[in-house]
Amino acid sequence: GRETPPPPPPPPPGSEPATVEPAPPASAPAASPQPGIAPENVPKWTPTPPPQKEAVPEDPNAAIARAKIEEKLNQDTSGGIRDSILAQARKTVSSGPVKIGEEGKAPPPPGPAIGKFELSADDLIAQASAEEEAEAAAYAETPEAQAALAEHPDTIARSRMGANVTSIGTHFGVWAPHAEMMTLCIYGGKPDPLRPFDRDAPLPEPTRYEMNRGDDGCWRLEVQQVGHGWRYAFEVTMPGGHTFTRRDPWAREAEFDTDVCYIWDPRKFNWLPFQRRPKEELIIYQLHVGTFTGRNDPELGTEPGTFVALVRKLDHIAEMGFTAIQLLPVTEFGGAWGYNPRMMHNVHGPYGSPDDFADFVNAAHKRGIAVFVDCALHHGAANGNSLWEYDGWGPDENGGIYFERSGDTGWGQGFAFWKQEVKDYLAGVVDTWLGEYNCDGIRIDSAHSMSPDMCKEVTRRAREDYPDRFVVAEHNPEGAFVVHDLGADSVWLLSGCDDAAAMTWQYNGNFDQLEYMVRLKGGYGGNAQCVKYLLGSHDQCGKRPGHSHDLGHWVGRFGGRMEWRARATARLWWGVMCAGQGLPMMFMGTETHQDGHWHVDEDAKFDWGLLNMIAEKGVDNGALYAKQGMAHVKAANEVRVKHKALTMGDYKRTHRDDNNGILACERYYQNDETGEKERLVVVVNAGDGQWDEQGMYGVAIGGQWENCAGFEEVYNSQSAEFGGWENSGNKQRGVIQQDNDQLMICIPKLSVLIFKMLWGAPPAAVDPDVEHAKLAAAAAQSISALQ
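Residues numbered from 1 in each chain as written. Predicted model: local features only at pLDDT ≥ 70, side-chain atom pairs only at ≥ 80, totals over all residues. Heavy atoms only, no water.

## Comments concerning the overall build of the protein chain
Of regular secondary structure, the protein chain possesses 23 helices and 25 strands. Within the protein chain, residue pairs in contact and separated by at least 24 positions form 72% of the contacts whose partners lie at least 6 positions apart. Total accessible area on the protein chain stands at roughly 33900 Å², and carbon and sulfur atoms take up 51% of it. (Helix = DSSP H or I, 4+ residues; strand = E, 2+ residues; numbered from the N terminus. Contact = heavy atoms within 4.5 Å. Areas by Shrake-Rupley, 256 points an atom, 1.4 Å probe, with all protein chains shown as cover.)

Right under this line is the structure:
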């Protein structure tokens, strides 16, 4: 099929066929249209030479505005910039009129502003003098002036697709190379902020504006006096006259069941200040907006499954010490989980509005939590696909301009990654979600299902334009090449969950497999370059009976939450993630030891009843285990964030016990500039062996360090408050001294222990003979006291 057909003949003049305007005199110079502005065929208005200034009565408001403009120009604007503004204003006037949104009224043509001034052309020209004109025109051609104009918000808005608000109205752009004609439909008038549109009411008859086709197959039009909140759609006319409406693929909001879109100006969002953490300190909580709220929670007080409801539950996540939220897709989708996108740039309507999502981002940031969005860029929705045969062209059911020559991915038709227009549309999610919505990261779903060039385009844009953000990719097969070759900051480790499950019922003797769950695999160069989810992500927790295979929530896979081993191994593997290298991630419900599987059915959503019930020991209502699980997650998260040796430190294995499944490693961090340093010893017991004070275990940790005052235990996954037992570890022993190259410690089964080295002078050596004499003297004194 052909990608871009020859452009059709230019449409007949007049945006309203019934209105025919007289042509300008033959002697009048032809207007030179600006990019993005339709200069001809303004309804009921024909441009005429401007009248003499003295013949026009002075408008008092104009006089006041002119005085203010002059004051600003004189005080705050350099001569060069001032002259450039004047020159650009004159160019704008010579370009002719623009289309307007209010019939019968012709506001003056716009004057592109440079810097922070937005001034009408008439007011600017009124200040110009004949002496300035030549100098101003020359300056306007300099690189400095051109760069300033290119960075102006209006210039940027007019270069983009979709509906983009400018200083005079809204610029519309849409790619439809096979259309004979494209018409912009504006529904109704300006929205009333106190009384929103009734989306159930019949739509008013739209005002139609014929768009202008460019050689690139894109249609553009700028309409004055139309802005934030207005409703619109595109009308496609095919060769032969067949006409139908389409949504704007770049819309920020659209009605879920119609083609009506809403103009949104992202500059209206009021973002709170947020200090992004180092990537190494990310501890990720993955959730699905539609199923996180509402089940067994009668006091929620709002519609469940929405951004508003999610805000009310953010404290649950923050109090456990998570530093980031990984959302399942929130772009508009068909289906259940979010991975069948209908559109890429608008929020999922059932979840809420763009304002609701922005409020959620602010609320998360207020609690110190970063927000990551999930983008499925490799295929379109199988049902309700808004991009399918978008401009009416699509022979042999190839899907049309967005999908041709791509093939089926198993989830839906793949995108035509070989087209630059498609690549721009998909990679544009970077600007939408990281820029306009101030999110902190993007996950690229199933990156192996798209072309490498497409993945690189997304990561490149994020790296160049938003270097402080985070891009993680899911790729099968996994590997460090996703970071080094495809440009992602991090990659999901798909194998970790299966590796942990393989040695949960019984340690299987595969020590290398155990170690790779603690340390980085080969090729990774930093602790943040992989995301580990040993207890499962949505993929594992959502595997349900009748699906590809039955997995479900972690405890549900190993006997249910009443099974002690299931809960103990949940603590074990979360402890491994928090103590080891890589970024830990947990799927919602794992922290409460939720049973069964996750899905959108009511009885498979996150169960708030486990938190709301009173925890009673010995009573199986799930509340006790939920509270123990959350207490453990909070402790592990706090230990990780508190110690840079865990988030940024090196890894060195010091002890290997293949038979018992015991691994010990040193996590060490040192900052030469600040002098900060920290040494931790991590001990992992993946087996059922157990050692207590009657028979302790010697863990090799290397030779005695200078200025080592001993070790103290800072974390034990089998502590009683987490569901273990009293004195299972070494906390009660206080400071533990090294014995040659070993640390003699108590080790509970299925556990993770973390010891912190204390800096200071080592204790004086003990003389055995002197110590024996002291004990003998104390015994004699006790006997004498009894006589």
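Additional details are given in the paragraphs that follow.
## Quick word on the side chain of H655
By the secondary structure assignment, H655 is in strand β19 (residues 650-657). Residue H655 is classed as buried on the basis of its relative accessible area of 12%. Polar contacts involving the side chain of H655 include one to the main-chain amide nitrogen of A700, which spans 3.2 Å. (Buried < 20%, exposed > 50% of the residue type's maximum accessible area, 1.4 Å probe, protein only. Polar contact = N/O pair within 3.5 Å; in protein donor to acceptor, adjacent residues only side chain to side chain.)

## Structural notes on unusual backbone geometry
The phi torsion of most residues other than glycine is negative, and most of the peptide bonds are trans. Of note, the amide linkage connecting N476 to P477 takes the cis form, showing an omega dihedral of 15°. Mapped onto the secondary structure, P477 falls in the loop between β15 (470-473) and α14 (481-484). Unusually for a residue other than glycine, N296 sits at a positive phi of about 55°. Along the polypeptide, N296 turns up in the loop between α7 (289-292) and α8 (307-312). Under the relative-accessibility criterion, N296 is labelled partly exposed at 43%. Even without glycine at this site, D396 takes up a positive phi of about 55°. Position of D396 relative to the elements: it lies in the loop between β13 (370-375) and α11 (420-427). The class for D396 is exposed, based on a relative accessible area of 80%.

## Let's talk about the packing of aromatic side chains
Scanning the entire structure with this criterion turns up 35 aromatic pairs. Between the aromatic rings of W250 and Y425, the centroid separation amounts to 5.4 Å while the plane-to-plane angle is 80°, which identifies the pairing as edge-to-face. Taken together, the positions of W250 in the loop between β8 (243-246) and β9 (253-254) and Y425 in helix α11 put the pair 175 residues apart, joining distant regions of the chain. Judged by centre distance (5.2 Å) and plane angle (85°), the ring pair of F357 and Y437 falls under edge-to-face. Here the residue F357 occupies a position in helix α10 (residues 354-366), and Y437 occupies one in the loop between α12 (429-436) and β14 (441-444), the gap between them amounting to 80 residues. With relative accessibility at 0%, the residue F357 sits in the buried group. Assessed through its relative accessible area of 1%, Y437 is described here as buried. Three or more aromatic residues joined by ring pairs form one cluster here, namely F269, W271, F307, F333, Y351, F357, F360, W433 and Y437. Positioned above the aromatic ring of F256 is the side chain of R342, whose terminal nitrogen or guanidinium carbon lies 4.4 Å from the ring centre. (Phe/Tyr/Trp six-rings, centres within 6.5 Å; stacked < 30°, edge-to-face > 60°. Lys NZ or Arg CZ within 6 Å of the ring centre and 35° of its normal.)

## A word on the nonpolar core
By size, the foremost hydrophobic cluster in this structure holds 153 residues, and its most contacted members are F172, F357, F360 and W573. The leading source of residues in this core is helix α19 (residues 564-579), at 10 residues. In this structure, I662, A664, F711 and M757 belong to the second largest nonpolar core, which totals 17 residues. (Core = buried A, V, L, I, M, F, W, Y, C linked by side-chain atoms within 4.5 Å.)

## Digging into the sheet that holds strand β5 (residues 212-213)
The sheet built from 4 strands is open, its strands ordered β1-β2-β6-β5 with antiparallel pairing. Edge positions in the open sheet fall to β1 (162-165) and β5, since each of these has one partner strand only. Across 4 bridges, β1 lies against strand β2 (residues 169-175) in antiparallel orientation. Its bridge partner lying in β2, G162 is registered against G173. (Pairing = 2+ DSSP bridges.)

## Some thoughts on empty space enclosed by the protein
Considering all chains together, one arrives at 3 cavities of 30 Å³ or more under this definition. If you add up the space inside the largest cavity, you get close to 110 Å³. Together, 13 residues line the largest cavity, and R276, R277, L282, A370 and D440 are the ones closest to its centre. Across the lining of the largest cavity, the residue classes tally to 5 nonpolar, 2 polar and 6 charged. In this model, the second largest cavity occupies a volume close to 60 Å³. Within the residue set of the lining of the second largest cavity, elements represented by two or more residues are α19 and α21 (623-642). Residue classes in the lining of the second largest cavity are distributed as 5 nonpolar, 4 polar and 2 charged. (1 Å grid on protein atoms, 1.4 Å probe; cavity = no way out; pocket = protein on both sides within 12 Å on 5 of 7 lines; lining within 4 Å. Points joined across faces, edges and corners; volume = space filled by probe spheres on them. Nonpolar A, V, L, I, M, F, W, Y, C, P; charged D, E, K, R; others polar.)

## Observations concerning the sheet that holds strand β21 (residues 677-685)
One open sheet holds the 5 strands; their spatial order is β19-β20-β21-β25-β23, and the pairing between them is antiparallel. Each having just a single partner strand, β19 and β23 (708-716) make up the two edges of the open sheet. Between one strand and the next, the sheet's axes are offset by a mean angle of 20°, whatever the strand orientation. Note: β21 against strand β25 (residues 751-759), 6 bridges, orientation antiparallel. Bridge pairing in β25 links V684 to V752. Running at roughly 150° to β19, helix α16 (residues 511-518) makes contact with β19, β20 (662-670) and β21 of the sheet. Each of β20, β21, β23 and β25 touches α19; the most contacted strand, β25, lies at about 35° to it. (Axes fitted to C-alpha atoms, helices over the stretch in contact; angles between N-to-C directions.)

## As for α19
The terminal C-alpha atoms of α19, which comprises 16 residues, lie 22 Å apart, in line with the 22 Å expected from a rise of 1.5 Å per residue. The buried fraction of α19 amounts to 15 of the 16 residues, a majority that puts the element mostly inside the structure. (Expected span 1.5 Å × (residues − 1).)

## A closer look at the pairing of β8
Side chains F244 and R246 of β8 all project onto a buried face; the interleaved residues T243 and T245 project onto a face where none is buried. Pairing analysis gives 4 bridges linking strand β7 (residues 231-237) to β8, with the strands arranged antiparallel. Residue pairing in the sheet places V236 in a bridge with F244 of β8. Between β7 and β8, which pair antiparallel and follow one another directly, the connecting turn spans 5 residues, one of which, G240, has a positive phi of 105°.

## Thoughts on the environment of G698
Secondary-structure assignment places G698 in strand β22 (residues 697-700). On the accessibility criterion, G698 (18% relative accessible area) is buried. In this structure the C-alpha to C-alpha distance between G698 and H655, which are 43 residues apart in sequence, comes to 9.6 Å. Among all residues touching G698, those that are not within four sequence positions of it are H655, Q742, L743 and M744.

## Some points on the packing of α12 against helix α13 (residues 452-465)
Where α12 contacts α13, the axes come no closer than 9 Å and their chain directions differ by 35°. α13 is crossed by α12, and the crossing has right-handed handedness. Residues V430, D431 and L434 of α12 pack against V458, R461, A462 and D465 of α13. Here the residues of the contact of α12 with α13 are counted per class, giving 4 nonpolar, no polar and 3 charged. (Left-handed = near helix turned anticlockwise from the far one by under 90°.)

## With respect to the pattern of salt bridges
Going through the model one piece at a time under the given rule, you end up with 34 salt bridges. Linking R443 and D445 is a salt bridge whose minimum nitrogen-to-oxygen distance equals 3.1 Å. Judged on exposure class, the residue R443 and its partner D445 are both buried. Here E474 makes a salt bridge to R443, at a shortest N to O gap of 3.0 Å. Here E474, found in the loop between β15 and α14, pairs with R443, found in strand β14; they are 31 residues apart in sequence, far enough to count as distant. Residue classification places E474 among the buried residues on the basis of a relative accessible area of 9%. (Salt bridge = Lys/Arg side-chain N within 4 Å of Asp/Glu carboxyl O.)

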